[in-house]
Amino acid sequence: REFVETMSLVDQTLRRDPGSVYNKMDFATRDRYRHVVEKMAKHCNFSESEVAENAIGFAQGGADGDGSDDRAAHVGFYLIDKGVPRLERALEVRLSLSEHLRRWSRRFPLPLYLGTITLLTGVFVSWGLAKTHVAALPGWAVALVGLFLVLSVSQLAVALVNWLATLLATPHRLPRLDFSNGIPPEFRTLVVVPTMLMSTQHTEDLIEALEVRFLANRNANLHF
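Attention here is on the structure that accompanies the text. (Residues numbered from 1 in each chain as written. Predicted model: local features only at pLDDT ≥ 70, side-chain atom pairs only at ≥ 80, totals over all residues. Heavy atoms only, no water.)

From N to C terminus, the protein includes nine helices and two strands. Along the protein, helices (α) and strands (β) appear in the sequence α-α-α-α-α-α-α-α-β-α-β when read from the amino end. For the protein, whose C-alpha radius of gyration is 27 Å, the value lies well above the compact-globule estimate of 17 Å for 224 residues. Its C-alpha atoms give the protein principal-axis dimensions of about 75 × 65 × 35 Å. Buried residues in the protein amount to 27% of all 224 residues. Approximately 15,400 Å² of the protein is accessible, and the part contributed by carbon and sulfur atoms is 62%. (Helix = DSSP H or I, 4+ residues; strand = E, 2+ residues; numbered from the N terminus. Rg over C-alpha atoms; globule rule 2.2 N^0.38 Å. Buried < 20%, exposed > 50% of the residue type's maximum accessible area, 1.4 Å probe, protein only. Areas by Shrake-Rupley, 256 points an atom, 1.4 Å probe, with all protein chains shown as cover.)

With that settled, the discussion passes to the pattern of salt bridges. Under the definition given, this model contains 10 salt bridges. One salt bridge in this structure joins arginine 16 and glutamate 53, with 2.9 Å as the shortest N-O distance. Here glutamate 53 lies in helix H4 (residues 48–66) and arginine 16 lies in the loop between helix H2 (9–14) and helix H3 (27–42), a separation of 37 residues in the sequence. Exposure remark for glutamate 53: the relative accessible area of 37% places this residue in the partly exposed category. Of the charged contacts in the structure, one is a salt bridge between lysine 42 and glutamate 38, with a shortest N-O distance of 3.7 Å. Within this pair, lysine 42 and its partner glutamate 38 are both found in helix H3, separated by four residues, close to a single helical turn. In the salt-bridge network here, residues are joined through shared partners; they are Glu5, Asp11, Arg15, Arg30, Asp31 and Arg34. (Salt bridge = Lys/Arg side-chain N within 4 Å of Asp/Glu carboxyl O.)

Before going further, it helps to spend a moment on the nonpolar core. Leu14, Val75, Leu79 and Leu87 are the most contacted members of the largest nonpolar core, which has 25 residues in total. Among the elements of the structure, H2, H3, H4 and helix H5 (84–91) are those that each provide at least two residues to this core. (Core = buried A, V, L, I, M, F, W, Y, C linked by side-chain atoms within 4.5 Å.)

On to the layout of surface pockets, then. In this model, the largest pocket occupies a volume close to 820 Å³. Around the largest pocket, the lining is made up of 24 residues, and of these Val84, Glu88, Glu99, Arg103 and Arg106 lie nearest the centre. With five residues, the top contributor of residues to the lining of the largest pocket is H3. Looking at the lining of the largest pocket residue by residue, the classes come out as eight nonpolar, five polar and 11 charged. Approximately 590 Å³ is the volume attributed to the second largest pocket. Around the second largest pocket, the lining comprises 17 residues; the ones closest to its centre are Ser105, Leu112, Ala165, Leu168 and Ala169. Residue assignment for the lining of the second largest pocket shows that the elements contributing at least two residues are helix H6 (97–107), helix H7 (109–131) and helix H8 (139–168). (1 Å grid on protein atoms, 1.4 Å probe; cavity = no way out; pocket = protein on both sides within 12 Å on 5 of 7 lines; lining within 4 Å. Points joined across faces, edges and corners; volume = space filled by probe spheres on them. Nonpolar A, V, L, I, M, F, W, Y, C, P; charged D, E, K, R; others polar.)

This paragraph deals with the packing of aromatic side chains. Following the criterion strictly, the structure yields six aromatic pairs and no others. On the numbers, 5.6 Å between centres and 25° between planes, the contact of phenylalanine 58 with tyrosine 78 is stacked. Of this pair, phenylalanine 58 sits in helix H4 while tyrosine 78 sits in the loop between H4 and H5, placing them 20 residues apart in sequence. Of the two residues, phenylalanine 58 and tyrosine 78, both sit in the buried class. The interplanar angle of 80° and the centroid separation of 6.5 Å between the aromatic rings of phenylalanine 214 and phenylalanine 224 together place this pair among those described as edge-to-face. Of this pair, phenylalanine 214 sits in helix H9 (residues 200–216) while phenylalanine 224 sits in the segment after strand S2 (222–223), and the two are 10 residues apart along the sequence. Exposure remark for phenylalanine 224: the relative accessible area of 27% places this residue in the partly exposed category. An aromatic cluster of at least three residues, connected via ring pairs, comprises Phe58, Phe77 and Tyr78. (Phe/Tyr/Trp six-rings, centres within 6.5 Å; stacked < 30°, edge-to-face > 60°.)

The values reported here are purely geometric and, on their own, carry no functional implication.
Given below as structure tokens:
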């Protein structure tokens, strides 16, 4: 890891992060940022170093406008957060059709989810009605058959859409700071466990559990 980061021009550029956050992040987060830079460079006419320089430039602009403590002053805002479109427009990044569809689906997740379920249910019901030869039945019987089909196949549609969602909607790791050597004073943290105090014995059990958490996570800047 030290060799990779020492020899990487992209890493050296990102370490000039105006928010002074990049250097404090863990290796996995920094590596994710570098991979984003690499991916952008493949879809535009700029090198990886130039992409990183542009991201730093936007972050510096955010620091000048809102201060170094604002999220827009952190280079990650333009690599994995809401500042990504600004950086992509500046670099004239060419997005693939699949990426356009993926981003569109993220903008309208609920309509897409419910719409797909409705569409599949409609297809299944139509197929079921066609197979049951309901043309000779009276209207009320057709409606009753259709209702039973909707109640049954809608569950199948929901199951299929949920299964597809697990395949297509990939999770994204949250950026993390590196606290492997302990929590520094500026990030002092208080852990609060919401609970209901039901009885004296229950309260004593809760206090004992809280003590176990404290003993398992001893740190001068971590309180329970």
